[in-house]
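Structural overview
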Amino acid sequence: MIYDNVPRFDLPRDFIAGEIEGNSLLKLYSNFPCRIKAGIFVLCLGGTIRATINLTQKTIRANDLVILAPDSYIQAHELSEDIHLAFAGFSSEFVGSTDFVQATIEFLSSAYQEPVIPLSGQTVSIYIRALRLLADVCLLPEGFTSRETIQSILNVFIHTTSELYKKEETRPHPPHSRQQEIYKEFISLLMKHYREQHNVSFYAGKLGLSLQHFSSTIRKVSGRNPMEIINNIIVMEAKVQLKTTDQPVKNIAFNLGFTNVSFFHRYFRRHAGVTPQEYRGGEIFVSGKRKVKEEKVPDPEF
């Protein structure tokens, strides 16, 4: 089954699965950063994708498994024309109604930091069969699958993926330096707290480091100072909300921890090069849904 109508930000039903061939649909993810509300498993069967996932640039190739945990960020930069993907996604509403976080606690932080895992031939075959079985289940008439059945399917993916991450951890890798560990811990903290904590000192304190040591360590590992990274994710989230919701700019500012709307305007313009209204410009919002002027694509469901 080739699924050519995948919603961009969330899924309109509990779960959906299928295959994508070609890059036309994925180009929708290249216009601006997207925050994925659903939990999505993607297996690359062919082609290459260069994308930024959760602040880190990745190149995805055949036999790579991509785990997009809920609230992951993604933006595609380069897409080959021969892309072939198999996927399964579970909606944010469904994930929120299950014990998803508890069940994935062992590998969730690893998935945010390392969302792409190369698979061996045998493991690839298992995932292909599982994903294609899910695609067949999607074709069943409504009422033939219960939430309990879908939860069982999700559990299979959770436990299988958890085992993959455990194997990755035990596989010989070049040893991580303490500086690299600090950077990983910083990114993990940032993904949890960026909406309310914008100060570098907060993250340095959480890691028990002096501000100077923390800042120099992050710069050595990433080539950027911590404030640049914090600004990056705040602006990324602001762009997502501006493009995918009809919330007033002041609400978006408050959602991101800004108590002064004028300061948010100046902040966004300094980092994005345009005002929030200019960035949102060219789009009309009708009944909470987004209507695109420039490109004729179906409205996503939120």
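Residues numbered from 1 in each chain as written. Predicted model: local features only at pLDDT ≥ 70, side-chain atom pairs only at ≥ 80, totals over all residues. Heavy atoms only, no water.

1. A word on the side chain of Thr275
Position of Thr275 among the secondary structure elements: in the loop between α11 (261–272) and α12 (276–280). When residues no more than four places from it in sequence are discounted, the contact partners of Thr275 are Phe268 and Arg269. (Helix = DSSP H or I, 4+ residues; strand = E, 2+ residues; numbered from the N terminus. Contact = heavy atoms within 4.5 Å.)

2. Side note on the confidence of the model for the protein chain
Mean pLDDT over the protein chain: 80, with 82% of residues reaching 70 or higher. Ranking the helices and strands of the protein chain by mean pLDDT puts helix α7 (residues 200–206) first, with 96, and strand β10 (residues 283–286) last, with 37. The low-confidence segment residues 1–7, where pLDDT is below 50, has 19 contacts with residues more than four positions distant or belonging to other chains. Note that pLDDT drops below 50 for residues 282–302; the model gives that stretch 46 contacts with residues more than four away or on any other chain. (pLDDT = per-residue confidence, 0-100.)

3. As for the sheet that holds strand β2 (residues 34–36)
Backbone-to-backbone hydrogen bonds pair the strands of a sheet. The strands run either parallel or antiparallel. The 4 strands are arranged β2-β7-β4-β5 in an open sheet whose pairing can be described as antiparallel. Each of the sheet's edge strands pairs with one partner strand only, and the pair in question is β2 and β5 (56–60). Pairwise comparison of adjacent strand axes, ignoring direction, gives a mean angle of 35° for this sheet. Here helix α9 (residues 226–244) sits on the sheet and contacts β2 and β7 (72–79); the angle it forms with β7, its principal contact strand, is near 85°. (Pairing = 2+ DSSP bridges. Axes fitted to C-alpha atoms, helices over the stretch in contact; angles between N-to-C directions.)

4. Re empty space enclosed by the protein
Summed over all chains, the structure comprises 2 cavities of 30 Å³ or more. For the largest cavity, the calculated volume is near 330 Å³. The wall of the largest cavity is formed by 19 residues, among which Leu26, Val42, Leu68, Ile74 and Leu85 lie closest to the centre. Only β3 (39–46), β4 (49–53), β6 (64–68), β7 and β8 (84–90) provide two or more residues apiece to the lining of the largest cavity. With 3 residues, β7 is the single largest residue contributor to the lining of the largest cavity. For the lining of the largest cavity, the per-class residue count stands at 19 nonpolar, no polar and no charged. (1 Å grid on protein atoms, 1.4 Å probe; cavity = no way out; pocket = protein on both sides within 12 Å on 5 of 7 lines; lining within 4 Å. Points joined across faces, edges and corners; volume = space filled by probe spheres on them. Nonpolar A, V, L, I, M, F, W, Y, C, P; charged D, E, K, R; others polar.)

5. Brief notes about the sheet that holds β8
Pairing is antiparallel in the open sheet, where 5 strands are placed in the order β1-β8-β3-β6-β9. Of all strands in the sheet, those with a lone pairing partner are β1 (15–21) and β9 (116–118), marking the two edges. Neighbour to neighbour, the strand axes of the sheet diverge by 15° on average, direction disregarded. With 7 bridges joining them, β1 and β8 adopt antiparallel strand pairing. Its bridge partner lying in β8, Ala17 is registered against Ala88.

6. Describing the pairing of β5
Of the pairings in the sheet, the one linking β4 to β5 comprises 5 bridges and is antiparallel in character. Residue pairing in the sheet places Thr52 in a bridge with Gln57 of β5. Linking β4 to β5, which pair antiparallel, is a turn of 2 residues; within it Asn54 sits at a positive phi near 50°.

7. Examining the pattern of salt bridges
Scanning the model with the defined rule gives 6 salt bridges in all. Residue Glu19 pairs with Arg132 through a salt bridge whose shortest N-O separation is 2.5 Å. Placement of the pair is Glu19 in strand β1 and Arg132 in helix α4 (residues 121–138), with a sequence separation of 113 residues. The exposure class assigned to Arg132 is partly exposed, which follows from its relative accessible area of 37%. Between Glu185 and Arg178 there is a salt bridge, and its shortest N-O distance comes to 3.6 Å. Judged by its relative accessible area of 31%, Glu185 is partly exposed. Linked through salt bridges whose partners overlap, the residues forming this network are Arg35, Arg195 and Glu237. (Salt bridge = Lys/Arg side-chain N within 4 Å of Asp/Glu carboxyl O. Buried < 20%, exposed > 50% of the residue type's maximum accessible area, 1.4 Å probe, protein only.)

8. What about unusual backbone geometry?
With a phi close to 75°, Asn63 is a non-glycine residue in the positive phi region. Here Asn63 lies in the loop between β5 and β6. For Asn63, a relative accessible area of 32% translates into the label partly exposed.

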